[in-house]
Amino acid sequence: MKKKLLDIAHARSGDKGDTANIGLIAKHPKYYPLLVKQVTAARVARHFKGMIKGPVERFELPNLQALNFLLHGALDGGGTISLKTDAQGKVFSTALLRMEVEVQR
Amino acid sequence: MTPASVRVAGGQGFWGDWLEAPYRQVTGGPIDYLMMDYLAEVTMSILQKQKTRDSSRGYATDFITQVERILPVIVERGIKVIANAGGVNPRGCARALADIARKQGGGLAGKLRIGIVSGDDLLAEGRLDGLLARGHELANLDTGRPLRDVRDKVQSANAYLGAAPVVDALNRGAQVVITGRVTDTGLTLGPLMHAFGWAPDAWDRIAAGTVAGHIIECGAQASGGNCLSDWKRIPDLAHVGYPIVEARPDGTFDIVKHPNTGGRIDVAGVTEQLVYEMGDPRSYITPDGVADFTTISLAQAGKDRVRVSGVKGKPATDKLKVSIAYFYGYKAVGTLVYAWPDALEKAKAADRILRQRLQDLKLEFEAIHTEFVGANATHGALALKELDARDLPEVQLRIGVRSPDEKRVDRFTREIAPLILNGPPSVTGFAGGRPKPEEIVAYWPALIDKGMVKPSVEIMDV
């Protein structure tokens, strides 16, 4: 059945210049393979379509049951240049948690 | 003799963090070191401006008032303090600290040794122009542009120093180490290298100390603050205990906090902090070494105690990161609040009207950015498509512009207030008045060969 990532994961995000990073962490180790399989860089890029200008990179941290995403061109220039409320990408984390994934019952 | 364990407490996560935290860290239970991080990427340019106006300034003044309060305790208990509060004037910061130590009396005279770490400032003594003249491009790590394109706009330029000069200052008996632009992680790694005698090429230990530093460098973000995991059940954030690294000579360490403090230290929360501002987790690069975050093991080792082990590291690179701040242009952001009914529709209409007027005035900008706070400001279209907008009680129109031309930005700021009387209805929330054009000082990250930067350590006895 479909669930929001919010139900099976938590996250924290931040910035490096014009790039936002999102660390996505499985709430339980059993959900990590599902994250790896379904929350691909391409899917995250589609999720944030129109909100980011550059590509999305993904890194795996199986030791922490976490994925790290880099969203390039996400912050309107970033830091002091940006006109965005979220100039430091602090809440891209929960924006990702809106994504729906298929969870086996 | 090597101690069996050492406790390094995080006391400030940025300049502006909780003023109570350092006092609570030194009085709430035993610690050996207090680490305080004050420097964000553009803080150095603010400090540089202050120093230009008054040569005795240019450091984080909060540090002085904070240390004034804890000075008797740290001297009595032998707690050492490491802080990058020196900004662009670590010597001035040390002088200010020495002054208040002398004023406090109470037998402090002759008991306080201050270590001063500098050498990071590349604007000093014409170093930056020397580097450029010798062919160092200091190209922007994000865009590839050479620094000479903006050289005349540079306001500060600092190399990130590592833990080595901190270790040197501690080895020479400094009780308070005041640094310029030392990496956040170096402020924690330094005392661990000093206490345990870790060699600079013990790469796994260096990586472990770096990970420890990363965990506590943002203050309470490792002990329940800004923690999404099960956040409603995090106890007593009003009295949150800031994190403490309890490290052992083998490089393993626990993240803990003082008893009878609020917050929570668990694997989920420490994991959130580990991935914060993370790039490639296999290569967390600092001047001291390269840590591999995919080797970290976390385990709950008790209530409010997370054990960190298994950290692997790789040799340091031959470069240092340089943080340059340069004048970029101007920006201004104006806001108005629209109320029910149709709050979002009204705000959108106001945005269209305002943009039409800017167009009629032939005012072009590098960027115009509109947000509807309460509807899409943080999550954009992702939020709008899940939202029933008709019943929103209010929406804030937030519109900003950016330009190299201050006059254009200023003209924009005069187009907000008229909308109150000549735009859509049910508008309020303009009490703050006309927004002011604001100077943009932007960040320019670059790399420099390590050999080009010479860290220095001075000792000042009070």
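Residues numbered from 1 in each chain as written. Chains lettered and ligands numbered in written order. Predicted model: local features only at pLDDT ≥ 70, side-chain atom pairs only at ≥ 80, totals over all residues.

What follows concerns the overall build of chain B. The number of helices and strands found in chain B is 13 helices and 19 strands. Relative to its length of 462 residues, chain B is compact, with a C-alpha radius of gyration of 25 Å against a globular reference of 23 Å. Seen through its C-alpha atoms, chain B measures out along the principal axes to roughly 75 × 55 × 50 Å. Among the 462 residues that make up chain B, the fraction classed as buried is 50%. In chain B, the share of contacts with a sequence separation of at least 24, taken over all contacts with a separation of at least 6, comes to 76%. (Helix = DSSP H or I, 4+ residues; strand = E, 2+ residues; numbered from the N terminus. Rg over C-alpha atoms; globule rule 2.2 N^0.38 Å. Buried ≥ 20, exposed ≤ 12 C-beta atoms within 10 Å, placed from the backbone. Contact = placed C-beta atoms within 7 Å.)

With 43 residues of chain B at the interface, the matching set in chain A holds 32 residues. Here the side of chain B that touches chain A gets 5 residues from one element, more than from any other, and that element is strand E18 (residues 438–449) of chain B. Grouping the amino acids of the side of chain B that touches chain A by side-chain chemistry returns 23 nonpolar, 11 polar and 9 charged. (Nonpolar A, V, L, I, M, F, W, Y, C, P; charged D, E, K, R; others polar.)

Here we come to the sheet that holds strand E10 (residues 289–292) of chain B. Residues and elements named next belong to chain B. The 3 strands are arranged E9-E10-E13 in an open sheet whose pairing can be described as antiparallel. A strand with exactly one partner marks an edge of an open sheet, and here the two such strands are strand E9 (284–286) and strand E13 (312–314). Within this sheet the neighbouring strands show an average axis-to-axis angle of 30 degrees, counted without direction. Bridge count between E10 and E13: 3 bridges; the pairing is antiparallel. Each bridged residue has a counterpart across the sheet, and for Asp292 the counterpart in E13 is Lys312. Running over the sheet, helix H8 (residues 203–216) touches E9, E10 and E13 and is turned about 70 degrees from E10. (Pairing = 2+ DSSP bridges. Axes fitted to C-alpha atoms, helices over the stretch in contact; angles between N-to-C directions.)

Two faces make up the sheet, and in a regular strand the side chains alternate between them. Residue and element names in this part refer to chain B. Burial along strand E12 (residues 305–309) is one-sided: Val306 and Val308 are buried, and none of Arg305, Arg307 and Ser309, which face the opposite way, are. Where strand E8 (residues 253–256) and E12 come together, 3 bridges link them in antiparallel fashion. Residue pairing for E12: Phe253 is matched across the bridge by Val308. Judged from the 5 bridges that link them, strand E11 (residues 297–302) and E12 form a sheet pairing that is antiparallel. Its bridge partner being in E12, Ser297 is matched across the sheet by Ser309. In textbook terms, the turn of a hairpin is the stretch between consecutive antiparallel strands, and for E11 and E12 this stretch comprises 2 residues, one of which, Asp304, has a positive phi near 55 degrees.

Turning our attention to helix H12 (residues 406–413) of chain B. Those residues of H12(B) lying buried are Arg408(B), Val409(B) and Phe412(B). One side of H12(B) carries all its buried residues, which in axial view fall inside an arc of 100 degrees. (Arc of directions from axis to C-beta.)

Residue and element names in this part refer to chain B. Two numbers describe how helix H6 (residues 164–171) lies on helix H7 (residues 186–196): the axes approach to 8 Å, and their chain directions differ by 45 degrees. Classified by the angle their axes make, H6 and H7 are oblique. In terms of crossing hand, the pair formed by H6 and H7 is right-handed. Together, Val166, Val167, Leu170 and Asn171 of H6 and Gly186, Leu187, Gly190, Pro191, Met193 and His194 of H7 make up the contact between the two elements. (Parallel < 35°, antiparallel > 145°, perpendicular 65-115°, else oblique. Left-handed = near helix turned anticlockwise from the far one by under 90°.)

All names here are of chain A. When strand E4 (residues 56–61) meets strand E5 (residues 66–71), the two strands line up antiparallel, connected through 6 bridges. By the bridge assignment for E5, Glu57 is matched with Leu70. Taking the residues between adjacent antiparallel strands as the criterion, E4 and E5 are bridged by 4 residues, where Gln65 takes a positive phi near 50 degrees.

Further remarks concern the sheet that holds strand E4 (residues 113–118) of chain B. All names here are of chain B. What the 10 strands build is an open sheet, ordered E11-E12-E8-E7-E1-E2-E3-E6-E4-E19; its pairing is mixed. Looking along the sheet, the strands with just one partner apiece sit at the ends: E11 and strand E19 (456–461). Between one strand and the next, the sheet's axes are offset by a mean angle of 20 degrees, whatever the strand orientation.

For chain B, the average pLDDT comes to 96, and 99% of its residues sit at 70 or higher. Quick note on the complex model: pTM equals 0.97, ipTM equals 0.98. (pLDDT = per-residue confidence, 0-100.)

When the domains of chain B are assigned, the result is domain 1 (6–120 + 160–317) and domain 2 (328–444). The C-alpha centroid of domain 2 of chain B is placed 40 Å from the C-alpha centroid of domain 1 of chain B. (Domains from an automatic or database assignment.)

Let us look at the environment of Asp99(B). All names here are of chain B. Along the chain, the position of Asp99 falls in helix H4 (residues 90–104). Asp99 sits in the partly exposed class, given 13 other C-beta atoms within 10 Å. Sequence separation between Asp99 and Val462 is 363 residues, and the spatial gap between their C-alpha atoms is 8.6 Å.

So, about the environment of Arg248(B). All names here are of chain B. On the secondary structure map, Arg248 appears in the loop between strand E7 (244–247) and E8. A C-alpha to C-alpha distance of 29 Å links Arg248 and Gln66, two positions 182 residues apart in sequence. Residue contacts for Arg248: discarding those within four places in its chain leaves Ala4, Ser5 and Phe253.

Pro341(B) follows Trp340(B) through a cis peptide bond whose omega is 0 degrees. Following the sequence through the fold, Pro341(B) ends up in the loop between strand E14 (319–339) and helix H10 (343–360). Despite not being glycine, Asp76(A) has its phi angle at roughly 50 degrees, a positive value. Take Asp76(A): it is sitting in the loop between E5 and helix H4 (92–96). Notably, Asp230(B) is not glycine yet its phi reads approximately 50 degrees, a positive angle. Tracing the backbone through its elements, the reader meets Asp230(B) in the loop between H8 and E7. By C-beta crowding, Asp230(B) is classed as partly exposed, having 13 other C-beta atoms within 10 Å.

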